[in-house]
Structure formats: structure tokens, C-alpha cells
Amino acid sequence: MKYINPLRLKVLMMMFFGTGILGIVIGLTIAPTMSSNSSLLITFMGVINLCLGGFFGWIFLTQQPGKQDPRKRKPKKK
């Protein structure tokens with residue numbers, strides 16, 4: 001898998017966790033007043049977002065540092 005910048009992974013992780021928690025809270029509190037299908041769908045999408053946040057967290061914790069391409073090195077100053 002391609003190396004991903006750790007800052008980008010942290011931002012993705014927080015976005016997915018935040019929207020997942022928000023989706024579950026809205027699905028379980030606000031949406032049942034609308035209809036049962038919409039509350040189930042919103043809650044399910046929140047769970048999917050939590051899973052994606054966990055996946056990006058796993059990538060963040062287990063990825064190896066990227067190797068520098070020798071062709072992209074800056075020339076040494078004399």
C-alpha cells in the first residue's frame with residue numbers, strides 16, 4: 001500500500017469518527033420521530049463511518065515510514 005502522510009491519516013480518522021458518532025446519535029435520538037427506516041439507515045451509516053475511522057487508525061498505527069526515492073534527493077552543496 002502507498003505511504004500516506006500521518007497528518008492526513010489523523011484528519012481522516014477524526015472526520016470519520018466524528019461523523020460516525022454524530023450519525024449514531026442523530027439516528028437514535030432525532031430520526032425515530034420521522035420514520036423507522038430512516039433512523040435505521042442513519043444509524044447504520046454512522047456505524048460504517050466508525051468502521052472507516054478504525055480502518056484509517058489501523059493504517060496510521062501500522063504503516064512503516066516511507067522510503068525516499070533516490071531520484072528526488074536534492075543535490076549536496078559543495
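In the block above lies the structure referred to throughout.
Cut-offs and rules
- Residues numbered from 1 in each chain as written.
- Predicted model: local features only at pLDDT ≥ 70, side-chain atom pairs only at ≥ 80, totals over all residues.
- Heavy atoms only, no water.
- Helix = DSSP H or I, 4+ residues; strand = E, 2+ residues; numbered from the N terminus.
- Rg over C-alpha atoms; globule rule 2.2 N^0.38 Å.
- Buried < 20%, exposed > 50% of the residue type's maximum accessible area, 1.4 Å probe, protein only.
- Areas by Shrake-Rupley, 256 points an atom, 1.4 Å probe, with all protein chains shown as cover.
- Contact = heavy atoms within 4.5 Å.
- Phe/Tyr/Trp six-rings, centres within 6.5 Å; stacked < 30°, edge-to-face > 60°.
- Expected span 1.5 Å × (residues − 1).

Asker: Teacher, can you tell me more about the overall build of the chain here?
Answerer: Along the backbone of the chain there are two helices and zero strands. Against the 2.2 N^0.38 benchmark of 12 Å for 78 residues, the chain shows a C-alpha radius of gyration of 20 Å, more extended than a compact globule. Each principal axis of the C-alpha distribution contributes one length, and for the chain these read about 70 × 20 × 15 Å. When each of the 78 residues of the chain is scored for burial, the buried share is 21%. Summed over its atoms, the accessible surface of the chain is roughly 6700 Å², and 69% of this surface lies on carbon and sulfur atoms.

Asker: Hey, could you run me through the side chain of Ser-39 in this one?
Answerer: Inspection of the secondary structure assignment puts Ser-39 in helix 2 (residues 36-62). Each residue touching Ser-39, except ones within four places of it in the same chain, is listed here: Gly-27, Ala-31 and Pro-32.

Asker: Just checking my understanding: could you explain the packing of aromatic side chains for this structure?
Answerer: Geometry of an aromatic ring pair is reported as the spacing of the ring centres plus the angle between the planes. According to the stated counting rule, one finds three aromatic pairs in the structure shown. When the centroid spacing of 5.6 Å and the interplanar angle of 5° are considered together, the rings of Phe-16 and Phe-56 count as stacked. One end of the pair, Phe-16, is in helix 1 (residues 6-29); the other, Phe-56, is in helix 2, and 40 residues separate them in sequence. Of the two residues, Phe-16 and Phe-56, both sit in the buried class. Between the aromatic rings of Phe-55 and Phe-56, the centroid separation amounts to 5.6 Å while the plane-to-plane angle is 65°, which identifies the pairing as edge-to-face. Looking at Phe-55, the relative accessible area reads 36%, which means it is partly exposed. Owing to a relative accessible area of 15%, Phe-56 belongs among the buried residues under this scheme.

Asker: Help me understand helix 1, please; the structure alone is not making it clear to me.
Answerer: Given 3.6 residues per helical turn, the α-helix brings residues three or four places apart onto the same face. The first and last C-alpha atoms of helix 1 sit 34 Å apart over 24 residues, in line with the 34 Å expected at 1.5 Å per residue. For helix 1, the full list of buried residues reads Leu-9, Met-13, Phe-16, Gly-20, Gly-23 and Gly-27.

Asker: In this structure, what is going on with the environment of Gly-46? I would like to understand it.
Answerer: Residue position: Gly-46 is located in helix 2. Through-space distance from the C-alpha of Gly-46 to that of Gly-23 is 4.4 Å; in sequence the pair is 23 residues apart. Discounting chain neighbours no more than four positions away, the residues touching Gly-46 are Gly-20, Gly-23 and Ile-24.

The analysis is restricted to geometry; functional conclusions fall outside its scope.
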